[in-house]
Structure formats: structure tokens, C-alpha cells
Amino acid sequence: MITPEIVQEIRQIVGQDYALDSALDLFGYSYDSSFLALFPPSLPELVVRPRTTEEVAQVMKIAYANSIPVTARGAASGRTGGSVPLRGGIVMCLERMTSVIELDEKNMMITVEAGVRTGDIYNLCAQKGLFYPPDPASFKISTIGGNIAEDAGGMRAVKYGVTHNFVMGLEVVLADGRVIKTGGKSIKNVTGYNLTQLFVGSEGTLGIVTKAVLRLLPMPKHRTTLLLMFESLDGACSTIHQMLQAGVVPAAAELMDGKCLVAIARNRPFEYPAAAQACIITEVDGAEQADILKQAEVIEKIAADNGVLEVRTAKSAQEADELWGVRRALSPAVGALAPDRVSEDISVPRNEFPEIVRRISAIAGKYKLNFAVYGHAGDGNLHPSILCDLSDPRQAEVVHKAVDEIFAETLKLGGTLSGEHGIGITKQNYLKNALGEDGVAVLKAIKMALDPKGILNPGKVWAEEGKIHG
Ligand SMILES: Cc1cc2nc3c(=O)[nH]c(=O)nc-3n(C[C@H](O)[C@H](O)[C@H](O)COP(=O)(O)OP(=O)(O)OC[C@H]3O[C@@H](n4cnc5c(N)ncnc54)[C@H](O)[C@@H]3O)c2cc1C
């Protein structure tokens, strides 16, 4: 319970305008971009928008002393309900912490505050010939703090890895308001446990990230982007699998099925062969143009053996951007195909990718459900989306059965519940199946050590019976 005195105290720390409690503001900060429809909505009691680490720390001290839940929030583009304040309390939104503290060209590292947008980091580095590869499709809006908390992936993960591969160090405010620094600019660092990576992917449950040191690469000199249309989904999946086997390491290899093509064409000028049932957008990059052209040739040859109908090669950076624009606009376009959409984020070992796509198609057939399948196929991360109407109780029942089966098949193939969106609220029921009782117990022990009162993002990652403990 946040008393008027506590609100007043917090306003003195962050300023009158940055601790919001109007009904409209509370509603505005109550949801994210997940497919959850919480009714009634889960409202915070107060929205705090700090500008500095010191402000975050002081507010945390008050929250800790009064056992007030605190849910960190970046841009709320998360897909699993992570920034939804499930137990009320404070939403701590880092959107005003947007300073770039240092772009260290000599060490190829950048230090930023948590509210800096991912796309801004990319653009700033690109101006200096440096490259920050992680590129979630949401990168124009998502914050680096949110990316770190979810260990966000993106299109380029296949060659360059995901967010955790680039986080060198962090500044974190702990549940009780203490501030720690982890890691740093040294490439080698074995000083105690790897606390930096403990906070990466912790979904705001262990601490609030206020600053990050990120590793950069030289910007690749050359790139070629290809769009390939296939007569079958299987042919597209096999092409990706075979090109990886042939030693081609694309920067990105994105798959979309026939439903996705329909969805895109409804939203923007986009032509494709009538017989097309799938499409790949792929990019190869590197230092030598000749090498890239060779890789593109290998891809085209493998595609030809797998029933490719059309190959489009971007002839300029602008054309490449247009092709990637198609992919970035995909998620909302697919969402517009039906009243509701249940979208998952499974990930399997790369060699199992064609098989999981087959199994998902079989599940769709079994339950007569309308599915769209797309994802970062080059790294085995897939977003099957069930297009449905959950107001129909019969559909709601079969959708949940289908989701259960998708997760079961994913785990059987050695895969995981989430490649990049985290567990949040939406996947809690499946956590034990993936990690086992003992695995979940270890997560809880870590949580208890860092947040004994359970005030940081309570109700996330695993289902809690009680409310705040302590
Ligand atoms: C159209 C669309 C496309 C997307 N594509 C991708 C994709 O390709 N790859 C991908 O990985 N994701 C993707 N996402 C999901 C989402 O953008 C990512 O999860 C992103 O990392 C969330 O960042 P955010 O700033 O919006 O965080 P939020 O949604 O605000 O928060 C996400 C989680 O992080 C925690 N958090 C936020 N900031 C902090 C902080 N400073 N310290 C501690 N915890 C914090 C929150 O409590 C919450 O648990 C997509 C989303 C959309 C809407």
C-alpha cells in the first residue's frame, strides 16, 4: 500500500511531474505488447520516471522499507507480460534515462543508460564505423535495459549472437537500493561469479539495470540481402538448414510461411508468385565483396534444389532496407489477420528446425487451427502464431491444447520455451517441464538471495501462490 506520505517522499526525489498517479497514467503503464488480455487490468499505484541512478536507488530504498512491489519498465514492447505490474505497487519506467555516457572507439565499447533505444545505439555506432549487432525487430522502440532484462535476440543472432554476447558490464540497483557495478571493459574477467550474465535475462526480478557497457564490432564493409520465394515451407526450411551445413554463415536468415505473405500483402505493396507458400529473407555480410557474392551463389544453388520460385537480390542499401522493412512489419501484420493471436517463441537446436516446423503444421491440422509460422530460422528460433477468436470458448480450449503440444514437442527435440521473449507471465506453467523441480528451486534460491522480500517484479517467471513474501 502506497500512502500519500510515500508518494510525497518519492515526488521529492524524482520531481513532482515524474511520479504519476492519475487514473489515465496508471492504466497507460499497466500493459505491454504481449498477447495477454488481463481483465480487470493490473494497475500500478504509482508510476515513477527517474532520471538518474541515484533517484532509482532512493526510490528502491523506500520501496524496500515498505515492501512495495516494483516493476521495471522500458518501452513495454515485451511479449510475455514482463513489465505488467501484476501485484500493483510502483512501475519504475526507465524511459528518461537516455544518456550515452561514452562511445569508446579505442576499446570498441559503448556505455549507455538503460533507457537508450536499441536502434539509437546501432545508429550512433554506425556513424563511427562500429557495429552493435543485436537487432530485435522492435529495435526502433525497445530500450537496452529491456533488451538486457529479456536477453533479446533478433535477426542477426545467427551469425553474431544475442544481447548477452555483447554485455560487458552493468550498473544495477538492488532491491534494497544498493548500487553495484559488474564486469567492465576488460575482455578477460574472472573475478568472482559472473554477475553481469546473471542479470542478463533476469526479467527485472533480480535488480534494476541503470547502465550498461556493450561490446562493439567493426561495421561489416559489404552486405547482400536476398529474398527467396518457395513453393513449400519444407523447401524453405531445408534451404536454411543446408546452407548452414554448406558453411554459409548468414548474418540473418528469416523464414515466413504463406499466411505471413498474405498478411504482408494486405499491409503494404508486396508482390509474390501465386504458388509461393514460404519465403526467406537472408543477408550475408563481411569484409570482401567477392566472398559475399560467392556465399550468395551457394544460397541460390541450394534454394534451386529446394523448389525456389523467385530470387530477389537487393541492388542498393535502400532496397535492402525495404526487404528488411517487410520483415520488421510482419508481427503487427500477422496480428491483424484475426481477432486474437497467441504467439510463441520456441527455440530448437538448428538441425531440428525443419522437424519442429513439420510438427507444428501437424498440430495445426489436428486441431483445425489457423497458424502463421515465422521466425529467426537461421538460429532455430520460431514464432508460431495461432490466429483465433478467444471469445469462442471452444476455440480457446483447443488453442491451449495446441500450445501445450507445441511446448511438449519443442522440449522433446531438445529445445526451449523461449528463445528471446522470456517467461514473464505467459509461460510460467511450463517452466517446470523445461527446468525440472530442482532447476526451478535454484532460480528461487537466487531470487531469495538478491530480493528476500520479493519486491522486484513479483509474480513473474514462476507462478507464486502467495503475494509478496517476507
Ligand atoms: C513488433 C515486435 C517485434 C519484436 N521483435 C523481437 C525480436 O525480434 N527479438 C526479441 O528478442 N524481442 C522482440 N520483441 C520483444 C521486445 O521488443 C523485447 O523483449 C525487448 O527486449 C523489450 O524491451 P523493452 O524496453 O520494451 O522492455 P519492456 O517490455 O518494458 O520490459 C521487458 C522486461 O524487462 C524488464 N526491464 C525493463 N527495463 C529494465 C531495466 N532497466 N532493468 C531491469 N529490468 C528491466 C521488465 O520488468 C520486463 O520484465 C518484439 C516486440 C514487438 C512488439
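Parameters at a glance
- Residues numbered from 1 in each chain as written.
- Predicted model: local features only at pLDDT ≥ 70, side-chain atom pairs only at ≥ 80, totals over all residues.
- Heavy atoms only, no water.
- Helix = DSSP H or I, 4+ residues; strand = E, 2+ residues; numbered from the N terminus.
- Expected span 1.5 Å × (residues − 1).
- Contact = heavy atoms within 4.5 Å.
- Buried < 20%, exposed > 50% of the residue type's maximum accessible area, 1.4 Å probe, protein only.
- Patch = residues over 30% accessible without salt bridge, like charges linked within 9 Å, V, L, I, M, F, W, Y side chains within 5 Å.
- Areas by Shrake-Rupley, 256 points an atom, 1.4 Å probe, with all protein chains shown as cover.
- Salt bridge = Lys/Arg side-chain N within 4 Å of Asp/Glu carboxyl O.
- Domains from an automatic or database assignment.
- Buried area = accessible area lost by both parts, 1.4 Å probe.

*Asks:* How do you make sense of helix α10 (residues 289-305) when you look at a structure like this?
*Replies:* Since one α-helical turn is 3.6 residues long, residues separated by three or four positions face the same way. Relative to the 24 Å expected for 17 residues at 1.5 Å per residue, α10 spans 25 Å between its end C-alpha atoms, a close match to the ideal helical length. Summarising the contacts, the buried residues of α10 are in contact with β12 (222-230), α8 (233-245), β14 (278-286) and β15 (308-313).

*Asks:* Can you help me understand helix α9 (residues 258-267) in this one?
*Replies:* Taken together, the buried positions of α9 are occupied by Gly258, Cys260, Leu261, Ala263 and Ile264. Summarising the contacts, the buried residues of α9 are in contact with β12, β13 (252-257), β14, α11 (317-328), α12 (330-335) and β18 (370-376).

*Asks:* Can you help me understand a nonpolar patch on the surface in this one?
*Replies:* Together, Phe27, Tyr31 and Leu43 line one region of the surface with nonpolar side chains, adding up to about 290 Å² of accessible area. Mapped onto the fold, Phe27 is located in helix α2 (residues 23-28).

*Asks:* Even after reading the chapter, I still don't get the domain arrangement of the protein, so can you show me in this structure?
*Replies:* A common way to express how large an interface is: the accessible area buried when the components associate. Assigned domains of the protein: these are domain 1 (100-218), domain 2 (220-331) and domain 3 (338-426). Taking the mean C-alpha position of each, domain 1 and domain 3 sit 29 Å from one another. With 9 residues of domain 1 at the interface, the matching set in domain 3 holds 9 residues. Across the interface of domain 1 and domain 3, roughly 600 Å² is buried in total on both sides, 43% from carbon and sulfur atoms.

*Asks:* I tried to follow the side chain of Ser385 on my own but got confused; where do I start?
*Replies:* With respect to the helices and strands, Ser385 occurs in strand β19 (residues 381-388). On the basis of relative accessible area, Ser385 is assigned to the buried category, the value being 0%. Apart from residues no more than four positions distant in its own chain, Ser385 is found in contact with Val334, Arg341, Val342, Ser343, Asn370, Phe371, Ala372 and Tyr374.

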